Amino acid sequence: MSEPVLLRIDGEVERPVELSFTDLEAVDAAHQVADVSQLVPGRKGDAVRLNGLLELALPKTEADYLTLHAEADDFHASVPLAAVRSQALLVYRLEGKPLPVSTGGPFRLLIPDAAACHTDEVDDCASVKFVDRIELCVGRGQDNRPADDESHEELHRRQGGS
Ligand SMILES: Nc1nc2c(c(=O)[nH]1)N[C@H]1C(S)=C(S)[C@@H](COP(=O)(O)O)O[C@H]1N2
Ligand SMILES: [Mo]
């Protein structure tokens, strides 16, 4: 059997954790969101709330930024924790199976009601696909979201998306 894919939560936390698909399914039902389309129109899959994940890793009080890392395509975004803490979702399951890569899986962050691309620190671009590490930081962490319109459009063209 192949090694399970793990999501790591570390940085300024009391208890770094590594979570598998099965671990995410076992997160308390209070933090599970079946069918994210109810909260984020047009998106599909089941999620756990970021809050539920943070309950496991226990961010230190001084942590004020959430940095999302996708090793797969070297994409990183860092957003103020307070702005996303209660809304952000981690999508991990589609039709009972791990979220496919074609949908940003195996783990994909979604930020409901984010600003349009490139208009705010918390924008749609921060909905990082293929997330393998969530790092709690003091101050802004690694972030290579495209900084100007041209490189941003270029990225969207490469993704073949919106
Ligand atoms: N890993 C990774 N996540 C990413 C990106 C990327 O290039 N790589 N692009 C971001 C950008 S710029 C946007 S606008 C959204 C687009 O998500 P969608 O293709 O699902 O609409 O994903 C974000 N997440
Ligand atoms: Mo974007």
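Keep in mind that what you see is a predicted model, and the values were worked out from it rather than measured. (Residues numbered from 1 in each chain as written. Chains lettered and ligands numbered in written order. Predicted model: local features only at pLDDT ≥ 70, side-chain atom pairs only at ≥ 80, totals over all residues. Heavy atoms only, no water.)

Please set out the site of ligand 1 residue by residue, giving values where relevant.
In the vicinity of ligand 1 lie 17 residues, with Arg 43, Asp 73, Ser 127, Lys 129 and Gln 159 positioned nearest. One nitrogen or oxygen atom from the side chain of Arg 108 is found 3.0 Å from an oxygen atom belonging to ligand 1. Contact with the protein chains covers 91% of the free accessible surface of ligand 1, which is 530 Å². When each cavity is represented as a set of grid points, ligand 1 is found to reside in the largest pocket. A per-class count over the shell around ligand 1 returns seven nonpolar, five polar and five charged. (Near = heavy atom within 4 Å. Polar contact = N/O pair within 3.5 Å; in protein donor to acceptor, adjacent residues only side chain to side chain. Areas by Shrake-Rupley, 256 points an atom, 1.4 Å probe, with all protein chains shown as cover. 1 Å grid on protein atoms, 1.4 Å probe; cavity = no way out; pocket = protein on both sides within 12 Å on 5 of 7 lines; lining within 4 Å. Sits in = over half its atoms within 2 Å of the grid points. Nonpolar A, V, L, I, M, F, W, Y, C, P; charged D, E, K, R; others polar.)

Please provide a residue-by-residue account of the layout of surface pockets, values included.
What the largest pocket holds in volume is close to 570 Å³. Together, 22 residues line the largest pocket, and Arg 43, Arg 108, Asp 124, Lys 129 and Gln 159 are the ones closest to its centre. For the lining of the largest pocket, the secondary-structure elements that each account for two or more residues are strand 9 (108-110) and helix 4 (149-159). Ranked by the residues each element gives to the lining of the largest pocket, the list is headed by helix 4, at four residues. Considered class by class, the residues forming the lining of the largest pocket number ten nonpolar, six polar and six charged. Residue lining of the second largest pocket: Gly 42, Arg 43, Lys 44, Val 91, Leu 99, Ser 102, Thr 103, Gly 104, Arg 108, Leu 110 and Lys 129, and that is the complete set. (Points joined across faces, edges and corners; volume = space filled by probe spheres on them. Helix = DSSP H or I, 4+ residues; strand = E, 2+ residues; numbered from the N terminus.)

Outline the sheet that holds strand 1 (residues 7-11), listing residues and values.
Read across the open sheet, the five strands follow the order 2-1-10-5-6; overall the sheet is mixed. Strand pairing shows two members of the sheet lacking a second neighbour, strand 2 (17-19) and strand 6 (75-80), which therefore form its edges. With strand direction ignored, the average angle separating the axes of adjacent strands in the sheet is 15 degrees. As paired strands, strand 5 (residues 65-70) and strand 10 (residues 133-137) are joined by five bridges and run antiparallel to one another. Bridge assignment links Thr 67 to a residue of strand 10, and that residue is Glu 135. Its contacts with the sheet place helix 2 (residues 50-57) against strand 1, strand 2, strand 5 and strand 10, and it is angled at close to 135 degrees to strand 2. (Pairing = 2+ DSSP bridges. Axes fitted to C-alpha atoms, helices over the stretch in contact; angles between N-to-C directions. Contact = heavy atoms within 4.5 Å.)

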